[in-house]
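# Notes for the structure review
So you can see what is in the structure, the chains are spelled out below.
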Amino acid sequence: MKLLDLVNRYVTFKRSLGMRFATQPRVLRRFSRVLGDIEVGDVTREAVEAFLYGGRIVTNTCFLNYKLLRGLYRFAISRGFVSWSPLPDIIPAPLPPFRPHIYSTSELTALLEATRVLKSSRNPMQPYTFRVLLLVLDSTGIRVGEALHLELRDVDLQSQVSTIRDTKFFKSRLVPLGPRLTQELLAFLKCRSALPLPLREKSAFFASSTGRAIPYQHVITLFQRVRSAAGVQRDKGSSYPPRLHDLRHTAAVHRVIAWYRDGADVQRLLPQLATYLGHKDLRSTQRYLTMTPELLEGASLRFHHYADPEGRYA
């Protein structure tokens, strides 16, 4: 069996289990492309190591690719396509967990103001579109991909709710829109109506000058221009800049901080936050609650109130 045939069978198998398996096939097919049109049994350990680590600093991506290839070869061995795995037996220890950047209120304001650097003669609406996209991501905490897949029909401003369709876990959910965000979106839609509607009500909410959805990678590139212009940086020593996806982490952390300040029952509300973010369980949501000084202060005050309700030790 050819290596590419094995990859295609594995992808079909994973999707038959109900998994989206959307990004992994690109890695597996690149693996097949790099090694060439060869038989599965001709893959060498040296070739696999070169694909995983050759000429690069070991990163968490290396470990993710290793786990992906490990799944591929477990599948191949269980089906009798190969008798052994060419993956290295020993891999370096994983790197420390990634720490997202939690944007401060001043940084969020700076990002919104910096969208003016995206002025374009080809797409005059680009700065405004990107500004509203940032507002939606910060206000709702939806994923970047979910925002870019929004269609005009999905945003019901009269009911102040947005429908997120066919998400990461093949589910749809409703996300409420606050009054201020609703007003921003009403104004945005008046300008959006000047752009083409190639699919009518199914046209992209956040669109390029053609009326089509803006590509994900292009949005990431634009964000780094905006972030750089806003002067938003990580602490010295960090090897990667703040990401657009960190707005989702920021939205989750800021929501919990607001609950603490309002005296709400955070433990009771956390499952609701998980549903709001589109998570299957609370454990997934906990990954988004990066400890910040503000969050730590809120949790500490709540603990003191619980331990000393009469304020005897204040």
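Residues numbered from 1 in each chain as written. Predicted model: local features only at pLDDT ≥ 70, side-chain atom pairs only at ≥ 80, totals over all residues. Heavy atoms only, no water.

### Things to note about the confidence of the model for the protein
Note the threshold: Note on scores: pLDDT gives the predictor's confidence for each residue, bounded by 0 and 100. Contacts: residue pairs with any heavy atoms within 4.5 Å of one another.
Mean pLDDT over the protein stands at 87; residues scoring 70 or higher make up 88%. Here residues 302-314 scores under 50 on pLDDT; set against residues more than four positions off or in separate chains, the count is eight contacts.

### Describing empty space enclosed by the protein
The condition is simple: In this analysis, the protein atoms alone were mapped onto a 1 Å grid. Cavities are point sets where a 1.4 Å probe fits without being able to get out; pockets are open sets with protein on both sides within 12 Å along at least five of seven lines; lining residues have an atom within 4 Å of a point. Grid points are joined across faces, edges and corners, and a volume is the space filled by probe spheres set on the points. Here the term charged refers only to Asp, Glu, Lys and Arg, the term nonpolar to Ala, Val, Leu, Ile, Met, Phe, Trp, Tyr, Cys and Pro, and the term polar to all other amino acids, Gly among them.
Tallied over the entire structure, the rule returns two cavities of 30 Å³ or more. Around the largest cavity sit V136, T140, I142, L150, V155, S162, V175, L177, L185, F205 and F206, which together line it. The residue inventory of the lining of the largest cavity, partitioned by class, reads nine nonpolar, two polar and no charged. If you add up the space inside the second largest cavity, you get close to 30 Å³.

### Digging into helix 11 (residues 266-277)
Stated formally: Helix numbers and strand numbers start at the N terminus; a helix is a DSSP run of H or I with at least 4 residues, a strand a run of E with at least 2. Here a helix's expected span is defined as the number of its residues, less one, multiplied by 1.5 Å. Relative accessibility under 20% of the residue-type maximum defines a buried residue, over 50% an exposed one, and the middle range a partly exposed one, all with a 1.4 Å probe and only protein chains included. The directions from the helix axis to the C-beta atoms form the arc being described.
Spanning 12 residues, helix 11 covers 16 Å between terminal C-alpha atoms, matching the ideal 16 Å at 1.5 Å per step. Every buried residue of helix 11 is accounted for by V266, L269, L270, L273, A274 and L277. Projected onto a plane normal to the axis of helix 11, the buried residues spread over an arc of 160 degrees and lie on a single side. For helix 11, exposure combined with an orientation more than 90 degrees from the buried face picks out R268 and T275. A positive phi of about 85 degrees marks G278, the residue just after helix 11.

### Focus on the packing of helix 6 (residues 126-140) against helix 8 (residues 179-192)
Note the following rule: All axes are obtained by fitting lines to C-alpha atoms, using only the stretch in contact for helices, and the reported angles, taken between N-to-C directions, cover 0 to 180 degrees. For classification purposes, angles smaller than 35 degrees are called roughly parallel, those larger than 145 roughly antiparallel, those between 65 and 115 roughly perpendicular, and all remaining angles oblique. In this scheme the crossing of two helices becomes right-handed for a clockwise turn of the near helix relative to the far one and left-handed for an anticlockwise turn of less than a right angle.
Contact pair helix 6 / helix 8: the axes reach a minimum separation of 11 Å and the direction vectors enclose 155 degrees. With respect to helix 8, the element helix 6 is oriented roughly antiparallel. Handedness of the helix 6/helix 8 crossing: left-handed. Contact residues: Y128, T129, R131, V132, L135, V136, S139 and T140 in helix 6; L181, E184, L185, A187, F188 and C191 in helix 8.

### Quick word on the pairing of strand 3 (residues 173-176)
We count it as follows: At least two bridges found by DSSP between two strands are what make those strands a pair.
Residues R173 and V175 of strand 3 are buried on one face, while the alternating residues L174 and P176, pointing to the opposite face, are not. Of the strand pairs in this sheet, strand 2 (residues 161-164) and strand 3 are connected by four bridges, and their pairing is antiparallel. Across the sheet, the residue bridging to S162 is V175, located in strand 3.

### Focus on the sheet that holds strand 1 (residues 155-156)
Strand order across the open sheet formed by three strands is 1-2-3, with antiparallel pairing between neighbours. This sheet does not close on itself; its edge strands, each paired only once, are strand 1 and strand 3. Where strand 1 and strand 2 come together, two bridges link them in antiparallel fashion. Along strand 2, the bridge assignment pairs D156 with V161.

### A word on the side chain of Q126
Stated precisely, the cut-off is as follows: What qualifies as a polar contact is a pair of N or O atoms within 3.5 Å, subject to a donor-acceptor requirement within protein and to the restriction that residues adjacent in sequence count only when both atoms come from side chains.
Locating Q126 in the fold gives a position in helix 6. One polar contact links the side chain of Q126 to the main-chain carbonyl oxygen of L118, over a distance of 2.9 Å. If we skip the residues at most four places from it in the chain, Q126 touches L118, S120, H218 and L222.

### Things to note about the packing of helix 3 (residues 45-53) against helix 4 (residues 60-78)
Their axes nearest at 9 Å, the elements helix 3 and helix 4 cross at an angle of 140 degrees. Here V48, F51, L52 and Y53 of helix 3 lie close against helix 4, whose contacting residues are C62, N65, Y66 and L69. Considering only residue class, the contact of helix 3 with helix 4 consists of seven nonpolar, one polar and no charged.

### Describing the layout of surface pockets
Taken as a whole, the second largest pocket spans an internal volume of roughly 1,500 Å³. Surrounding the second largest pocket, 50 residues form its lining, Y103, L108, D138, A251 and H254 being those nearest its centre. Among the elements that take part in the lining of the second largest pocket, helix 10 (residues 246-262) stands out by supplying 10 residues, more than any other. Here the residues of the lining of the second largest pocket sort into 25 nonpolar, 14 polar and 11 charged.

### Some details on the packing of aromatic side chains
Threshold: Here is the rule: rings of Phe, Tyr and Trp (six-membered ring for Trp) pair when centre to centre is within 6.5 Å. Planes less than 30 degrees apart are stacked, more than 60 are edge-to-face, and the remainder are tilted.
For the structure shown, the criterion picks out nine aromatic pairs. Centroid distance Y10 to F21: 5.9 Å. Interplanar angle 85 degrees. Geometry classified as edge-to-face. Placement of the pair is Y10 in helix 1 (residues 3-16) and F21 in the loop between helix 1 and helix 2 (24-35), with a sequence separation of 11 residues. By relative accessible area, which is 5% here, Y10 ends up buried.

### Describing the side chain of R234
Tracing the backbone through its elements, the reader meets R234 in the loop between helix 9 (216-230) and helix 10. Under the relative-accessibility criterion, R234 is labelled buried at 15%. A polar side-chain atom of R234 sits 3.1 Å from the main-chain carbonyl oxygen of R99. A polar atom in the side chain of R234 sits 3.5 Å from the side chain of D246.

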